[in-house]
Amino acid sequence: MKSRHIAGMTAAFVAATLFSAVPAQAASSVQIYRVYYDSPGSDNRSNASLNAEWVQIINRGSTSRSLTGWKLRDRTGYTYTFGSFRLGARKIVYVHTGRGTDTTKNRYWGRRAYVWNNTGDTAYLRSSSGTLIDKCSWGSSGSSRYC
């Protein structure tokens, strides 16, 4: 009788271990740091105004990370896809809405219209496999949001 009780306890322990919640995965070292969703001045769709609307993405890690194929999108579905790009360790990259020449610090969406809604929106960052890496939401007050 004692061995059946121990076997039952062992089986219960194994089942509880196998079916217990898996701890949350550690946060990615790559994150949305800040969104400047309401560019200064009037919204006249000039390239300068469009490029004053941006998202900062930070790599808090100690090694560079490939962002090739990663996607930054808004709630509506407007999507920027990173081409071949590595974000250095402890570095920030700006993704500007307008047109420009890509560098290691600045990437350009190439749009001729605004993406981020001044009245509230959400920025989503997904890996090349589609995994949600980070998101940042804001309401209708202010012009930027630290995430």
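Residues numbered from 1 in each chain as written. Predicted model: local features only at pLDDT ≥ 70, side-chain atom pairs only at ≥ 80, totals over all residues. Heavy atoms only, no water.

J.: Can you walk me through the overall build of the protein chain in this structure?
T.: In terms of helices and strands, the protein chain carries 2 helices and 11 strands. Ordered by position from N to C terminus, the α and β elements of the protein chain give α-β-α-β-β-β-β-β-β-β-β-β-β. Counting across all 147 residues of the protein chain, residues that qualify as buried make up 34%. Of the contacts made within the protein chain by residues no fewer than 6 positions apart, 56% connect residues no fewer than 24 positions apart. Looking at the protein chain as shown, the accessible area adds up to about 8700 Å², and 53% of this sits on carbon and sulfur atoms. (Helix = DSSP H or I, 4+ residues; strand = E, 2+ residues; numbered from the N terminus. Buried < 20%, exposed > 50% of the residue type's maximum accessible area, 1.4 Å probe, protein only. Contact = heavy atoms within 4.5 Å. Areas by Shrake-Rupley, 256 points an atom, 1.4 Å probe, with all protein chains shown as cover.)

J.: Would you take a moment to explain the nonpolar core for this structure?
T.: One finds Ile-32, Val-35, Ile-57, Leu-72, Phe-82 and Trp-116 to be the most contacted residues of the largest nonpolar core, which totals 22 residues. Counting residues per element, the ones that place at least two in this core are strand S1 (30–36), strand S2 (54–59), strand S7 (92–96), strand S9 (121–126) and strand S10 (132–138). Of the residues forming this core, the biggest block, 3 residues, is contributed by S1. Residues in contact with Val-35, not counting those within four places in the same chain, are Trp-54, Val-55, Trp-116, Ala-123, Cys-136, Trp-138, Ser-143, Ser-144, Arg-145 and Cys-147. (Core = buried A, V, L, I, M, F, W, Y, C linked by side-chain atoms within 4.5 Å.)

J.: Teacher, can you tell me more about the sheet that holds S10 here?
T.: To summarise the sheet geometry, strands pair through backbone hydrogen bonds and adopt either a parallel or an antiparallel arrangement. Judged by pairing direction, the sheet is antiparallel, and its 4 strands sit side by side in the order S5-S4-S9-S10 without closing on themselves. Unpaired on one side and paired on the other, strand S5 (79–81) and S10 mark the two borders of the sheet. The sheet shows a mean angle of 15 degrees between the axes of neighbouring strands, taken without regard to direction. As judged from the 6 bridges shared by S9 and S10, these two strands associate in the antiparallel manner. Of the residues in S10, the one forming a bridge with Thr-122 is Ser-137. (Pairing = 2+ DSSP bridges. Axes fitted to C-alpha atoms, helices over the stretch in contact; angles between N-to-C directions.)

J.: Honestly, the pattern of salt bridges in this entry has me stumped. Any pointers?
T.: Side-chain pairs of opposite charge can arise whenever the charged atoms involved come near each other. Evaluation of the coordinates by the stated rule reveals 1 salt bridge. Ionic pairing is found between Asp-102 and Arg-107, a salt bridge with its closest N-O pair at 3.8 Å. (Salt bridge = Lys/Arg side-chain N within 4 Å of Asp/Glu carboxyl O.)

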